[in-house]
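Structural characterization, general
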Amino acid sequence: MGLFIVEDGGYRNLLPLAWVRPAYDLRCGILTLREKILRAYGVQTCGLGCREYLEELVAERNPGFAVNRVEGERALIVNGRALFNAELAKKIPLEGPDMLYKAGDEVVAARLSGENLKGMDWRTPITAASYPKVKEEAVQATLIGWPWDLVHQNASQLEAEFQLLAQPGQVQGKVYDGAYLLEKSNIYIAPGAKIKPGAVLDAEGGPIFIDEGAKIFPNATIEGPAYIGKKTAIKIGAKIYEGTTIGEVCKVGGEVEESIIHSYSNKQHDGFLGHAYLGMWVNLGADTNNSDLKNDYGNVKVVINGETVDSGSMFVGSTIADHTKTGINSMLNTGTVLGVACNIYGAGLPPKYVPSFCWGGADSLVEYRFDKCMKVAKAVMKRRDIELSAAEEGVLRKVFELTAEERKAAVS
């Protein structure tokens, strides 16, 4: 029985983060949603289903994985938006008769074989109606429905995954004299990491995982639960509060609270980032600040897919998709969403929703020319010794096309 992770139509509510990746490659806690599923089932590889325009890129990034095809006559199809752990995997075992597992109206997984399996089209996001009529079983499961769900689940996922992945109390990197580790038994420092003098790792409120090659500069403070990814630098005097995940190869300074920075993104300078999700290759200019709480303490409303959605939460910061930049002193309102490859600058508050490939701010927006955007993206990535592949550029071009109408409305 093979394992096959797919997207369903719920990816649309995770835009713009999901424009350039399958929903299951979003991060929550230490791991991505896909990595949680693989670990829950104890496997290294699986099949992956994704939108057709992502297929080449997904295959390029995942050698050894079958993309948009099932190998064999039987498979467990898993919704990539589900937060999986070993307990849920036991309730939905790989082996067994054909079965549809649902949490309310949403499909969590389906075990299919024979004709039931052959009739599925993996290049189109799956809906509940896509599945053949087989016996159903109700399960309790959490599915990520909106970008802020990733942020609100982050602290609990950090707690759980620290127990799975860390060696609590082990210091394998270098801790300089004058650094302070509070509740050392709740801290893991991986090989090659450096904790400079004056830095404080405060794990009294939750675990702290400092991954390989990370560097915590002098006088930076990190409160747990928190994860600092491989080769990431936490700058001098930074204040990293609880519930924060910072992925690999980032540079982060200023104040960050209950946020996720996926990887390869920079927030080097002062400024507040709270209850936010940043994709890859994002750069926040000096003194960029985002609001995560309304003055009237009401629920934050967020624009998703052209609709204003009540988040049901008092705390929602910014959602900023890949390759987007902000200029110095940028101010982002509560629940602001910035699409892929935007360049935001100028005085005042930009719109709460900025479509992908827009350039400007509060005064006006214009289209960010695709050729100019690619020139910048290549230069940014080259600084990290990474080349923008043809597959990545193809995905970005497709996103440029898919967002043309909403961009036209925003700039007119």
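Coordinates for the structure precede this section.
Overview of the structure. Note on numbering: residues in each chain are counted from 1, in written sequence order. Local features in a predicted model are, by the rule used here, given only for residues with pLDDT of at least 70; side-chain atom pairs are given and counted only at 80 or more, and totals for whole chains, interfaces and linings are based on all residues. Calculated side-chain values reflect all of the structure's heavy atoms, with hydrogen atoms and water omitted.

What follows covers the environment of V20. The numbering of helices and of strands both runs from the N terminus, where a helix is a DSSP run of H or I of at least 4 residues and a strand a run of E of at least 2. For V20, the position within the fold is in the loop between β1 (2-6) and β2 (27-28). As a C-alpha pair, V20 and L57 span 37 residues in sequence and 9.2 Å in three-dimensional space. Whether two residues are in contact is decided by their heavy atoms, any of which lying within 4.5 Å being enough. Residues contacting V20, with those up to four places away along its chain left out, are L54, L57, R61, D322, V340, V395, L396 and V399.

Quick look at the nonpolar core now. Take the buried Ala, Val, Leu, Ile, Met, Phe, Trp, Tyr and Cys residues and link them wherever side-chain atoms come within 4.5 Å; each set so joined is a nonpolar core. Accessibility here uses a 1.4 Å probe with only protein chains present; expressed as a share of the type maximum, an area under 20% marks a residue as buried, one over 50% as exposed, and anything in between as partly exposed. The biggest cluster of nonpolar side chains holds 64 residues, and the ones touching the most others in it are Y41, F84, I92, V340 and F357. Sequence-distant contacts of F84, that is, excluding residues within four places in its chain, are made with K36, I37, A40, Y41, V78, A89, I92 and V108. In terms of nonpolar packing, the next biggest core, distinct from the first, is built from 37 residues, I187, I261, V282 and C342 among them.

On to the pattern of salt bridges. We define a salt bridge as a side-chain nitrogen of Lys or Arg found within 4 Å of a carboxyl oxygen belonging to Asp or Glu. This model, assessed by the stated rule, comprises 16 salt bridges. The shortest N-O distance in the salt bridge between R51 and E7 comes to 2.7 Å. Here R51 is found in the loop between β4 (47-48) and α2 (55-61), whereas its partner E7 is found in the loop between β1 and β2, with 44 residues between them in sequence. Take R51 and E7: they sit in the same class, and that class is buried.

Aromatic ring pairs are described here by two measures, namely the spacing of the ring centres and the angle between the planes. Think of it this way: a Phe, Tyr or Trp ring, Trp meaning its six-membered ring, pairs with another when their centres are within 6.5 Å, and the plane angle makes it stacked under 30 degrees, edge-to-face over 60, tilted otherwise. Using the criterion set out here, one finds 11 aromatic pairs in the structure. For the ring pair Y188 and F209, a centre distance of 5.0 Å and an interplane angle of 80° mean the geometry is edge-to-face. Of this pair, Y188 sits in strand β12 (residues 187-189) while F209 sits in strand β15 (residues 208-210), placing them 21 residues apart in sequence. Owing to a relative accessible area of 7%, Y188 belongs among the buried residues under this scheme. Given a relative accessible area of 6%, F209 falls into the buried group. An angle of 90° between the planes, with centres 5.1 Å apart, marks the rings of F357 and F400 as edge-to-face. Here the residue F357 occupies a position in the loop between β37 (353-354) and β38 (358-360), and F400 occupies one in helix α8 (residues 390-402), the gap between them amounting to 43 residues. Among the aromatic residues, ring-to-ring pairing joins Y188, F209 and Y227 into one connected group. Counting as a charge over the ring demands two things of the Lys NZ or Arg CZ atom: a distance within 6 Å of the ring centre and an angle within 35 degrees of the ring normal. One residue, K196, lies across the ring of F217, its end atom 5.8 Å from the ring centre.

Moving on, we come to the layout of surface pockets. Think of a 1 Å grid over just the protein atoms. A cavity is a set of points where a 1.4 Å probe fits yet cannot get out, a pocket is an open set with protein on both sides within 12 Å along at least five of seven lines, and lining residues have an atom within 4 Å of a point. Grid points are joined across faces, edges and corners, and a volume is the space filled by probe spheres set on the points. By volume, the largest pocket is sized at about 1,000 Å³. Residue lining of the largest pocket: 38 residues in total, with R27, T32, R34, E35 and E248 positioned closest to the centre. Secondary-structure elements contributing two or more residues to the lining of the largest pocket are β3 (31-32), α1 (33-41), α2 and β24 (260-263). Looking at the lining of the largest pocket, the element that brings in the most residues is α1, giving four residues. Its residues assigned to classes, the lining of the largest pocket comprises 19 nonpolar, six polar and 13 charged. Space inside the second largest pocket adds up to approximately 380 Å³. In this classification, Asp, Glu, Lys and Arg are treated as charged, Ala, Val, Leu, Ile, Met, Phe, Trp, Tyr, Cys and Pro as nonpolar, and every other residue, Gly included, as polar.

Throughout, an axis means a line fitted to C-alpha atoms (over the contacting stretch in the case of helices), and angles, computed between N-to-C directions, take values from 0 to 180 degrees. Contact geometry for helix α7 (residues 370-382) and α8: axes closest at 12 Å, N-to-C directions at 145°. Two packed elements cross with a definite hand, and for α7 against α8 that hand is right-handed. Contacts between α7 and α8 pair F370, M374, K378 and M381 from the former with E392, E393, L396, R397 and F400 from the latter. Handedness of a crossing follows from how the near helix is turned relative to the far one, being left-handed for an anticlockwise turn of less than a right angle and right-handed for a clockwise one.

Here we come to the side chain of D8. Tracing the backbone through its elements, the reader meets D8 in the loop between β1 and β2. Side-chain atoms alone can form a polar contact between residues adjacent in sequence; in general such a contact is a pair of N or O atoms within 3.5 Å, and within protein one must be able to donate a hydrogen while the other accepts it. At 2.8 Å, the side chain of D8 and the side chain of N79 are in polar contact. Separated by 2.8 Å, the side chains of D8 and R81 make a polar contact. Dropping the residues within four chain positions of it, D8 is found in contact with N79, R81, P125 and I126.

Now for the state of the cysteines. We call a pair of cysteine sulfur atoms a disulfide whenever their separation is within 2.5 Å. A full pass over the atoms with the stated rule returns zero disulfides. With no disulfide partner, C28 has as its closest neighbouring cysteine sulfur the one in C250, 16 Å distant.

In this section: the side chain of N79. Relative to the helices and strands, N79 is located in strand β6 (residues 74-79). If near-sequence neighbours (up to four positions away) are discounted, N79 is found in contact with V6, D8, I37, V107, V108 and L143.

Another aspect to go through is a nonpolar patch on the surface. A surface patch of nonpolar side chains, about 290 Å² in accessible area, is lined by Y297, M314 and F315. Mapped onto the fold, Y297 is located in the loop between β29 (289-290) and β30 (301-304). To count toward a patch, a residue needs a relative accessible area over 30% and no salt bridge; like charges are then connected within 9 Å, while nonpolar side chains (Val, Leu, Ile, Met, Phe, Trp, Tyr) are connected within 5 Å. Only the protein chains shown count as cover for residues, and all accessible areas are computed by the Shrake-Rupley method using a 1.4 Å probe.

These figures capture arrangement, not role.
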